[in-house]
Amino acid sequence: MKFFIDTANVDEIRAAHDMGLVDGVTTNPSLVAKTGRNFHEVLTEIAALVDGPISAEVVALDTEGMLAEARELIKLHPKNIVIKVPMTPAGLKATRQLADEGIPVNMTLAFSPLQALLAAKAGAAYISPFVGRLDDVGHLGMEGVEQIRTIFDNYGFTTEIIVASVRSPLHVLNAALIGADICTIPYGVLLQLAKHPLTDTGIERFLADWQKSQV
Ligand code: E4P
């Protein structure tokens, strides 16, 4: 499973990248707003750091507006920028058009397997089911991912599943067990993955025993 990092914070991306844990990056307007920085400036900096897909989201709600924004965003790094488009009829139309032009699209704000099926049929390179936001309202987000995996495998769709809106290590574990192509992970959760209390106590014990051998 590929690891994308779900942040627009360049320091976090650099730290995760240095641990070899960044196959790509996802951003959204809220994540960029948290940095307090200019959208294009942040994306350019990320693109200089990471050689992998970097999702940049459009904010227009109509197809023409989405296409115009996409054509500007793709110029920032034609090889690695992926256009993030919301799952709406206008978004599906933009996705079809961009896919026909060879521009990869990540369809975002997906909450059902049928939305994922539409994204695949429209030619999206990626679909982002938001598991955490579904859990927040009492639905099992990961159940939808399992169904998307089955549907894509049934018909040989090559659209990659990005498990998004990840809140905990359990989401990452289940994404890997289901066979999602990608999990996009906030930096804090990434650090949690490396943590285990037995690792900490193990290190303490080895250090104490090592001291005993320094006679
Ligand atoms: C990534 O593509 C999504 O925009 C992000 O994972 C959403 O996460 P949130 O539900 O925690 O805002």
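Treat the numbers as computed from the prediction; the structure is a model and nothing was measured. For every chain, the first residue of its written sequence is number 1, and the numbers climb from 1 along that sequence. Since the coordinates come from a predicted model, pLDDT governs what is reported: local features require at least 70, and pairs of side-chain atoms require 80 or more to be given and counted, while whole-chain, interface and lining totals use all residues. Side-chain numbers come from the whole structure's heavy atoms, not from hydrogens or water.

Caption draft 1: Geometry of the site of the ligand. It suffices for a single heavy atom of a residue to lie within 4 Å of a molecule or strand for the residue to be listed as near it. Inspection of the region around the ligand gives Asp6, Thr26, Asn28, Lys84, Phe130, Arg133, Ala164, Ser165 and Arg167 as its neighbouring residues. Counted as a polar contact is a pair of N or O atoms within 3.5 Å, where, for protein atoms, one must be capable of donating a hydrogen and the other of accepting one, and residues adjacent in sequence contribute only when both atoms are in side chains. Between the ligand and aspartate 6 there is a distance of 2.6 Å, counted from an oxygen atom to a side-chain nitrogen or oxygen. Between an oxygen atom of the ligand and a side-chain N or O atom of arginine 133, the distance comes to 2.7 Å. The residue makeup of the shell around the ligand, split by class, is 2 nonpolar, 3 polar and 4 charged. Ten residue types, Ala, Val, Leu, Ile, Met, Phe, Trp, Tyr, Cys and Pro, are classed as nonpolar, four, Asp, Glu, Lys and Arg, as charged, and the remainder, Gly among them, as polar.

Caption draft 2: Structural view of the packing of aromatic side chains. Ring pairs are drawn from Phe, Tyr and Trp, using the six-membered ring of Trp, whenever the two centres fall within 6.5 Å, and their geometry is named by plane angle: stacked under 30 degrees, edge-to-face over 60, tilted for the rest. Applying the stated criterion to the full structure yields 4 aromatic pairs. Between phenylalanine 111 and phenylalanine 130, the ring centres sit 5.6 Å apart and the planes meet at 65 degrees, which makes this aromatic pair edge-to-face. Linking phenylalanine 111 in the loop between strand 5 (105-110) and helix 6 (113-122) with phenylalanine 130 in the loop between strand 6 (126-129) and helix 7 (131-136), this pair joins segments that are 19 residues apart in sequence. Note on phenylalanine 152 and phenylalanine 157: the rings are 5.7 Å apart at their centroids and 65 degrees apart in plane angle, and the pair reads as edge-to-face. Each residue is placed in one exposure class: buried if its accessible area under a 1.4 Å probe, protein chains only, is under 20% of its type's maximum, exposed if it is over 50%, and partly exposed if it falls in between. The exposure class of phenylalanine 152 is buried, given its relative accessible area of 1%. Ring pairing ties together the aromatic residues Phe152, Tyr155 and Phe157, which thus form one cluster. Strands are runs of DSSP state E lasting at least 2 residues, helices are runs of H or I lasting at least 4, and numbering of each runs from the N terminus.

Caption draft 3: Inspection of the pattern of salt bridges at higher detail. What counts as a salt bridge is simple: a side-chain nitrogen of Lys or Arg found within 4 Å of a carboxyl oxygen of Asp or Glu. Across all of its chains, the model carries 14 salt bridges by this definition. Residue arginine 37 pairs with glutamate 45 through a salt bridge whose shortest N-O separation is 2.6 Å. Residue arginine 37 is classed as partly exposed on the basis of its relative accessible area, which comes to 30%. Assessed through its relative accessible area of 30%, glutamate 45 is described here as partly exposed. For aspartate 181, the salt bridge identified is with arginine 149, shortest N-O distance 3.2 Å. With a gap of 32 residues between them, aspartate 181 in the loop between helix 9 (169-178) and strand 8 (182-185) and arginine 149 in helix 8 (residues 141-155) connect regions that are remote in the sequence. Residue aspartate 181 is classed as partly exposed on the basis of its relative accessible area of 22%.

Caption draft 4: Representation of the pairing of strand 1 (residues 2-6) within the structure. Burial analysis of strand 1 places 4 of its 5 residues in the buried class, the great majority of the element. Between any two strands, pairing holds if DSSP finds at least two bridges. Here strand 1 runs beside strand 8; their pairing, made up of 4 bridges, is parallel. Bridge assignment links phenylalanine 4 to a residue of strand 8, and that residue is threonine 184. Of the strand pairs in this sheet, strand 1 and strand 2 (residues 24-26) are connected by 3 bridges, and their pairing is parallel. Residue pairing in the sheet places aspartate 6 in a bridge with threonine 26 of strand 2. Place the viewer so that the strands point away; then a crossover is right-handed whenever the path from the first strand over the helix to the second strand goes clockwise. Handedness of the crossover joining strand 1 and strand 2 through helix 1 (residues 10-18) is recorded here as right-handed.

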